[in-house]
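# A closer look at the structure
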Amino acid sequence: MENRNNVTEFILLGLSEKKEIEALCFLLFLLCYIAILMGNLLVMMSITCSQLIKQPMYFFLSYLSLSDLCYTSTVTPKLIIDLLAVKKMISYNGCMTQLFTMHFFGGIEVFILTGMAYDRYVAVCKPLHYTVIMSRQRCGAMMAASCAGGFLHSFGQFILAIFLPYCGPNEIDHYFCDVYPLLKLACTDTSRIGLLVIANSGLMGLVTFVVLLISYAVILYTIRSYPADERRKALSTCSSHITVVVLFFAPLLFIYIRPATTLPEDKVFALFYTIIAPMLNPLIYTLRNTEMKNAMKKLWCRITGRKEVN
């Protein structure tokens, strides 16, 4: 335990050492973060201020936007500030806090996406029992379970990292604190801990991803016999969900499913699930969704005081 106290802060090496690239990235990620804030807040407000909140799909979507907002806020503001900093420092406690909160909200997002897939499965495969199965109490219980699952996942990662002895060096080759980069700094054998990280993050993500793909495959198979209009609507909804799932899980699995090693490409792939996915999710879920567009129009009319035009 004393060895760990030899390191009181870490140096984040960031995305690049070139100042020109960092200045460009600062502007780019600042705009991305503003888009994330505006897009996800707009989705949340449009749903909560309309009747859509009573529908399970939009109930989960509002919480997905909230988790996206919280998830990216654990990493992106620090990244933006560090891009202009001479030294990218983070305290030991700050590093462990960032690791815990990032995996907490990331875990919640994984389970929310699972809940949304289950909602679509029930809606398509068991339409007559949909209102009974997806009751408000059931949806609330699923959200509570998502939070509990996210906590257990992040607590596992946190425990693995906090009990490692860090004797130096203290340079993290990443733009945020994560388990794999920290394993490289530990002055002990981390092979067994690496396997635990794979089990906690990699296998959990892989199993969830496979289950999601199977559920959507069943949905797509079921809607083959639907009338053209209903089939088109179901396909539109499912395609949005599948796009979000692939966008989030593909880079996640690339990093966490392999043995405990870090690659230069990890930083680029991490950008997908920490910044790009939270930014694109509001667009993916609203571009072809008439109900969301109408809810946003009503919200705009309410804010500006204009009368709704049918």
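The name given to the protein chain in an unreviewed UniProt entry is Olfactory receptor, and the organism recorded there is Vicugna pacos. Within the UniProt record for the protein chain, the comment given under Function (unreviewed entry) is "Putative odorant or sperm cell receptor." Within the UniProt record for the protein chain, the comment given under Sequence similarities (unreviewed entry) is "Belongs to the G-protein coupled receptor 1 family."

Attention shifts here to the overall build of the protein chain. If you tally the helices and strands in the protein chain, you get eleven helices and three strands. Counting helices and strands in the order they occur from the N terminus, the protein chain gives β-α-α-α-β-α-α-α-β-α-α-α-α-α. Its C-alpha radius of gyration of 21 Å places the protein chain within 12% of the 19 Å reference for a compact globule of 310 residues. Seen along its three principal axes, the alpha-carbon backbone of the protein chain occupies a region of about 65 × 45 × 30 Å. Within the protein chain, the fraction of its 310 residues that count as buried is 49%.

Here the largest pocket is characterised by a volume of approximately 640 Å³. At the level of elements, α2 (56–73), α4 (92–125), α9 (228–256), α10 (266–286) and α11 (290–304) are the ones that each hand at least two residues to the lining of the largest pocket. Among the elements that line the lining of the largest pocket, the one with the most residues is α9, at eight residues. Residue composition of the lining of the largest pocket, by class: twelve nonpolar, eight polar and five charged.

What follows covers the packing of helix α1 (residues 19–48) against α10. Direction vectors running N to C along α1 and α10 enclose 40°, while the axes themselves pass 9 Å from each other. Viewed along their axes, α1 and α10 adopt a mutual orientation that is oblique. Classified by chirality, the crossing of α10 by α1 is left-handed. Where α1 approaches α10, its residues F29, C32, A35, I36, G39, N40 and V43 are matched on the opposing element by L271, I275, P278, M279, P282 and T286. Its residues placed into classes, the contact of α1 with α10 shows ten nonpolar, three polar and no charged.

Attention now moves to the state of the cysteines. Evaluation of the coordinates by the stated rule reveals two disulfides. Here C95 pairs with C177 through a disulfide, and the sulfurs are 2.1 Å apart. Here the disulfide of C95 and C177 is left-handed, its torsion about the S-S bond being about -125°. Here C177 lies in the loop between β3 (171–172) and α7 (179–185) and C95 lies in helix α4, a separation of 82 residues in the sequence. Note on cysteine connectivity: C167 is disulfide-linked to C187, with sulfurs 1.8 Å apart. The sign of the S-S torsion, about 50°, decides the handedness of the disulfide formed by C167 and C187: right-handed. Taken together, the residues span a long stretch of sequence, with C167 in the loop between α6 (136–162) and β3 and C187 in the loop between α7 and α8 (191–222) at a distance of 20 residues. Among the cysteines of the protein chain that take part in disulfides, numbered as they appear in the sequence, the pairing is 1-3, 2-4. In this structure C25 is a free cysteine whose sulfur lies 9.9 Å from that of C32, the closest cysteine sulfur available.

Analysis parameters
- Residues numbered from 1 in each chain as written.
- Predicted model: local features only at pLDDT ≥ 70, side-chain atom pairs only at ≥ 80, totals over all residues.
- Heavy atoms only, no water.
- UniProt positions renumbered as here; feature names shortened; annotations may be inferred.
- Helix = DSSP H or I, 4+ residues; strand = E, 2+ residues; numbered from the N terminus.
- Rg over C-alpha atoms; globule rule 2.2 N^0.38 Å.
- Buried < 20%, exposed > 50% of the residue type's maximum accessible area, 1.4 Å probe, protein only.
- 1 Å grid on protein atoms, 1.4 Å probe; cavity = no way out; pocket = protein on both sides within 12 Å on 5 of 7 lines; lining within 4 Å.
- Points joined across faces, edges and corners; volume = space filled by probe spheres on them.
- Nonpolar A, V, L, I, M, F, W, Y, C, P; charged D, E, K, R; others polar.
- Axes fitted to C-alpha atoms, helices over the stretch in contact; angles between N-to-C directions.
- Parallel < 35°, antiparallel > 145°, perpendicular 65-115°, else oblique.
- Left-handed = near helix turned anticlockwise from the far one by under 90°.
- Contact = heavy atoms within 4.5 Å.
- Disulfide = S-S within 2.5 Å.

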